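# A closer look at the structure
Each chain, written out:
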Amino acid sequence: TANGGQTEVLGAFAYSTSKNEDTPAFVNDESSLCLTAGEACFGNRIPYSTVVKEKQGGTTKMLSNDMVHSRCNGYMVPLYVGKPAG
């Protein structure tokens, strides 16, 4: 989501089939994002290391997969909300 957009994702599921260690699963760039999501990653696949990359007011923050619940060698986010200040 970018440029002041608003996105709500309820129940996303990522079944990783490649190596995603350098790519965030979700990006929130100066916008609003609300999501619940999970990932499963089997075999020699590498799960997303960054679940959400968020930029607000010129500051960038990362929600890494070690900061959320682990499941099936991936992650589970019960609820994430990111929005501009104010």
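Okay, so let's go over this structure. Just so it is clear, the structure is predicted and the values come from calculations on it, not from any experiment. (Residues numbered from 1 in each chain as written. Predicted model: local features only at pLDDT ≥ 70, side-chain atom pairs only at ≥ 80, totals over all residues. Heavy atoms only, no water.)

## Points about the state of the cysteines
With the rule as written, the count across this model stands at zero disulfides. Here C41 stays unpaired: no disulfide links it, and the sulfur of C72, its closest cysteine neighbor, is 10.0 Å away. Overall, the relative accessible area of 38% leaves C72 in the partly exposed class. (Disulfide = S-S within 2.5 Å. Buried < 20%, exposed > 50% of the residue type's maximum accessible area, 1.4 Å probe, protein only.)

## Topic: the sheet that holds strand β4 (residues 50-56)
A sheet is described by the order of its strands in space; here three strands give the open sequence β2-β4-β5, paired in mixed fashion. Edge strands, defined here as strands with exactly one partner in the open sheet, are β2 (26-29) and β5 (59-64). If you compare each strand with its neighbour and ignore which way they point, the axes differ by 10° on average. Both β2 and β4 contribute to a ladder of four bridges, which runs parallel. Its bridge partner being in β4, D29 is matched across the sheet by K55. (Pairing = 2+ DSSP bridges. Helix = DSSP H or I, 4+ residues; strand = E, 2+ residues; numbered from the N terminus. Axes fitted to C-alpha atoms, helices over the stretch in contact; angles between N-to-C directions.)

## Observations concerning the nonpolar core
Ranked by size, the top nonpolar core spans 13 residues in total, and within it F26, L35, V52, Y75, V77 and Y80 carry the most contacts. Setting aside its immediate chain neighbours within four residues, V77 contacts L35, T36, A37, V51 and V68. (Core = buried A, V, L, I, M, F, W, Y, C linked by side-chain atoms within 4.5 Å. Contact = heavy atoms within 4.5 Å.)

## Let's talk about the side chain of S31
Along the chain, S31 turns up in the loop between β2 and β3 (32-41). Look at S31 and you get buried, because its relative accessible area is 1%. Apart from residues no more than four positions distant in its own chain, S31 is found in contact with T1, A2, N3, G4, G5, Q56, G82, K83 and P84.

## Focus: the packing of aromatic side chains
Tallied over the full model, the rule gives one aromatic pair. For the pair Y15 and F42, a centre-to-centre distance of 6.0 Å together with 45° between the ring planes defines the contact as tilted. Of this pair, Y15 sits in strand β1 (residues 6-16) while F42 sits in the loop between β3 and β4, and the two are 27 residues apart along the sequence. (Phe/Tyr/Trp six-rings, centres within 6.5 Å; stacked < 30°, edge-to-face > 60°.)

As far as function goes, none of this settles anything; it's purely spatial.
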